[in-house]
Amino acid sequence: MTPQLSQRERVELRLLYWCLYLGALLLYGWSMCQRVGSNTCPYVAAPGLVTVVPLLLLLFQLIAYTAGKEKLTKYDYKHLSKGVRWWSFLTGCGLTLTAITVLIYGFLHLDAPENLRNGLLLLCGAACALAISRLEQRVPYQEVENTTAVPEGGFEIR
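The structure displayed is predicted, hence computed values, not measured ones.

Some points on helix H1 (residues 7-32)
Residues spaced three or four apart along an α-helix point in a common direction, a consequence of the helix completing one turn every 3.6 residues.
Move 1: Counted at 1.5 Å a residue, the expected span for H1 with its 26 residues is 38 Å, and the 38 Å between its end C-alpha atoms agrees.
Move 2: Those residues of H1 that fall on the buried side of the exposure criterion are Arg10, Leu13, Arg14, Tyr17, Leu20, Tyr21, Gly23, Ala24, Leu27, Tyr28, Ser31 and Met32.

Right under this line is the structure:
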């Protein structure tokens, strides 16, 4: 599997992924470290805590994706490209769920200005994470036939 992008486009895409990831991470961190009532509420803290897992796994996936070769085997494609799509999607969903719970808390306790800001920060972080997933989904990959000959006495695995 080979991305149908020039070398420059591949580098720009990876830089964009890292910028979007750092944006999502910083917005999440900033909103969850504010001293507001919603951050001490259990039904806000639970999805916020669960969101840390896909955020960390997306970090590891992006490191592997960045270090990956230009020509991918089917295994690499499955674990790198699809992994970036999957973990960025889950991160976006987690951030969206956390934003919804923050906004619900704000409406229930009528201290909306601080919680509205935190909810919007989380929604912007979710947009960054979902943008990574959407961009990677739109990268055109071309399947290239393997030119390596099968060794004597061996067989081709499909």
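On we go from here.
Thoughts on the environment of Ser133
Move 1: Here Ser133 is to be found in helix H5 (residues 112-138).
Move 2: Taking C-alpha positions, Ser133 is 6.8 Å from Val84, a pair spaced 49 residues apart along the chain.
Move 3: One polar contact links the side chain of Ser133 to the main-chain carbonyl oxygen of Arg85, over a distance of 3.2 Å.

Section: the side chain of Ser81
Move 1: Residue placement: Ser81 occurs in helix H4 (residues 74-109).
Move 2: In terms of polar contacts, Ser81 uses its side chain to reach the side chain of Glu136, at 2.5 Å.
Move 3: The residues touching Ser81, leaving out its near neighbours within four places in the chain, are Tyr65, Asp76, Glu136 and Tyr141.

Thoughts on the confidence of the model for the protein
Move 1: Here the protein averages 86 in pLDDT, while 94% of its residues score no lower than 70.
Move 2: Helix H3 (residues 52-67) holds the highest mean pLDDT among the elements of the protein, 93, whereas strand E1 (residues 2-3) holds the lowest, 60.

Overview of the packing of H1 against H3
Move 1: Relative to each other, H1 and H3 sit at 160°, their axes nearing to 11 Å. Here H1 lies roughly antiparallel to H3, going by the angle between them. H3 is crossed by H1, and the crossing has left-handed handedness. Contacts from Leu13, Arg14, Tyr17, Trp18, Tyr21, Leu25 and Tyr28 of H1 reach H3 at Val52, Leu55, Leu58, Leu59, Leu62, Ile63, Tyr65 and Thr66.
Move 2: Partitioned by chemical class, the residues of the contact of H1 with H3 number 13 nonpolar, one polar and one charged.

Considering the environment of Gln34
Move 1: Considering the arrangement of structural elements, one finds Gln34 in the loop between H1 and helix H2 (42-50).
Move 2: For the pair Gln34 and Asn115, spaced 81 residues apart in sequence, the C-alpha separation works out to 9.6 Å.
Move 3: At a separation of 3.3 Å, a polar atom in the side chain of Gln34 contacts the side chain of Arg117.

What about the packing of aromatic side chains?
One pair of aromatic rings is described through two measures. These are the centre distance and the angle between the planes.
Move 1: Inspection of the entire model under this criterion finds three aromatic pairs.
Move 2: The interplanar angle of 85° and the centroid separation of 6.1 Å between the aromatic rings of Trp18 and Tyr21 together place this pair among those described as edge-to-face. Linking Trp18 with Tyr21, this pair stays in helix H1, spanning three residues, or about one helical turn.
Move 3: For Tyr21, a relative accessible area of 3% gives the class buried.

Some words on the packing of H3 against H4
Move 1: At a minimum axis separation of 9 Å, H3 and H4 run at an interaxial angle of 155°. Judged by the inter-axis angle, H3 sits roughly antiparallel to H4. Handedness of the H3/H4 crossing: left-handed. Two secondary-structure elements touch here, H3 through Pro54, Leu55, Leu57, Leu58, Gln61, Leu62, Ala64 and Tyr65 and H4 through His79, Leu80, Ser81, Gly83, Val84, Trp87, Ser88, Leu90 and Thr91.
Move 2: Among the residues forming the contact of H3 with H4, the class breakdown is eleven nonpolar, six polar and no charged.

Cut-off values and rules
Throughout this document, residue positions are counted from 1 along each chain, in the order its sequence is written. The model is predicted, so local features are restricted to residues of pLDDT at least 70 and side-chain atom pairs to those at 80 or more, both for listing and for counting; the totals for chains, interfaces and linings are taken over all residues. Side-chain numbers come from the whole structure's heavy atoms, not from hydrogens or water. Numbering goes from the N terminus for both helices and strands, where a helix is a DSSP run of H or I of at least four residues and a strand is a run of E of at least two. What a helix is expected to span follows from its residue count: subtract one and scale by 1.5 Å. The cut-offs for exposure are 20% and 50% of the maximum accessible area for each residue type, with area from a 1.4 Å probe on protein chains only; residues under the lower value are buried, those over the upper are exposed, and the others partly exposed. Whenever two N or O atoms come within 3.5 Å, that pair is a polar contact, provided that in protein one can donate a hydrogen and the other can accept it, and provided that, for residues adjacent in sequence, both atoms are side-chain atoms. Residue contacts follow a heavy-atom distance rule, with two residues in contact if any of their heavy atoms lie within 4.5 Å. As a per-residue quantity, pLDDT reports the predictor's confidence and falls between 0 and 100. Structural elements are reduced to axes, namely lines fitted to C-alpha atoms, with helices fitted over the stretch in contact, and the angle between N-to-C directions of any two is expressed from 0 to 180 degrees. Relative orientations are named as follows: roughly parallel for angles under 35 degrees, roughly antiparallel for angles over 145 degrees, roughly perpendicular for angles from 65 to 115 degrees, and oblique for any other angle. Crossing handedness is defined as follows: a turn of the near helix away from the far one that is anticlockwise and smaller than a right angle gives a left-handed crossing, while the clockwise case is right-handed. Ten residues, namely Ala, Val, Leu, Ile, Met, Phe, Trp, Tyr, Cys and Pro, are considered nonpolar, four, namely Asp, Glu, Lys and Arg, are considered charged, and the remaining ones, Gly among them, are considered polar. Each Phe, Tyr or Trp ring, with Trp reduced to its six-membered ring, pairs with another whose centre is within 6.5 Å; inter-plane angles below 30 degrees give stacked pairs, above 60 give edge-to-face pairs, and intermediate values give tilted ones.

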